[in-house]
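Here's the letter readout for the chains.
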Amino acid sequence: MSPSNIKAVIFDIGGVVCRSPLIAIAAYEKEIGLPPNYLNCSIVERGHQGSWQRFERGEIPLLDFYEAFSRDLSDTHNGNKWYARYCERKGIDCPLLPESLKVDGRELFGRMMRESKELDTHIRDAITHIREAGKHKIIALTNNYARVDVPPSELAFLGWEEGGATPEHLTGLFDDFCDSSRFGMRKPEHGFYLLACDRNGIKPKEAVFLDDIGINLKAASELGMKTIRVEIGGSLKAVRQLEAIIGINLTAPGLTMDNPAKL
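Conventions used here
Residues numbered from 1 in each chain as written. Predicted model: local features only at pLDDT ≥ 70, side-chain atom pairs only at ≥ 80, totals over all residues. Heavy atoms only, no water. Phe/Tyr/Trp six-rings, centres within 6.5 Å; stacked < 30°, edge-to-face > 60°. Helix = DSSP H or I, 4+ residues; strand = E, 2+ residues; numbered from the N terminus. Buried < 20%, exposed > 50% of the residue type's maximum accessible area, 1.4 Å probe, protein only. Lys NZ or Arg CZ within 6 Å of the ring centre and 35° of its normal.

(A) Region of the structure containing the packing of aromatic side chains. The tally for this structure, following the rule as stated, stands at 19 aromatic pairs. When the ring of Phe65 is compared with that of Phe69, the centres are 4.8 Å apart and the planes differ by 20°; the resulting orientation is stacked. Placement of both Phe65 and Phe69 in helix α4 (residues 62-73) is noted, with a separation of four residues, approximately one turn of the helix. Phe69 sits in the buried class, given a relative accessible area of 1%. Look at Phe109 and Trp160: their rings are 6.2 Å apart centre to centre, the planes differ by 85°, and that puts the pair in the edge-to-face class. Note that Phe109 is positioned in helix α6 (residues 105-115) and Trp160 in the loop between α8 (152-158) and α9 (168-171), a separation of 51 residues in sequence. This pair shows no difference in class: Phe109 is buried, exactly as Trp160 is. Members of the aromatic cluster, connected to one another through ring pairs, are Trp52, Phe55, Phe65, Tyr66, Phe69, Phe109, Tyr145 and Trp160. The residue whose ring lies beneath Arg106 is Phe157, and the NZ or CZ to ring-centre distance is 3.6 Å. In this arrangement the basic side chain of Arg114 is found over the ring face of Phe157, its NZ or CZ atom lying 5.0 Å from the centre.

See below:
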């Protein structure tokens, strides 16, 4: 695909533009004695009507989400079953799993949000260079919570004192900011990707999409988007892949490691 075919670069936020909330989940799992990715499996496998998914579509308020999130993640009956299937898919031995579990959904969500306050330096600079070149639209496509009512007492706990989940200095990086809680749909639903394209007058095949989650990238690829996976600690590698696709130098001099910048 030649650079001239690409009209837009679409970025996920958490795990791409900002630090990954998965870092906080991994730390919490370790702290309470769970194997890696146990809680991630519970979140994903809960499906379309899981508390996490409903919250990202803006369907439930924050305090109700805390309660439902705690309940979902403490469900070892399903959680153990889903994790055993995960181990089978990965070809790894399934460890001893908990008979009971008490996950504090508020505590976990707060850690995730505070962890993801920081901008990734390489991605931020890449966006700056793309904007300076003036050849591509810059779009955010994020499963987010901007339209969720947050009690004032929770803002500091979540690290949202300045601008909530999507402060202006974050949204201002983009020509368009597509937030799941605003539109009532989320990745990996095809309609969410198509909405972003329609709003910006492009076809999926004219976009490059960067995300850290495989299922989200798979959906984008099915629609014809060029995709780049951003691994934790691998944003510079991802930026270099993006350079090759859009034909613009995005690597600022002197950046040799992933150094986050505070929002």
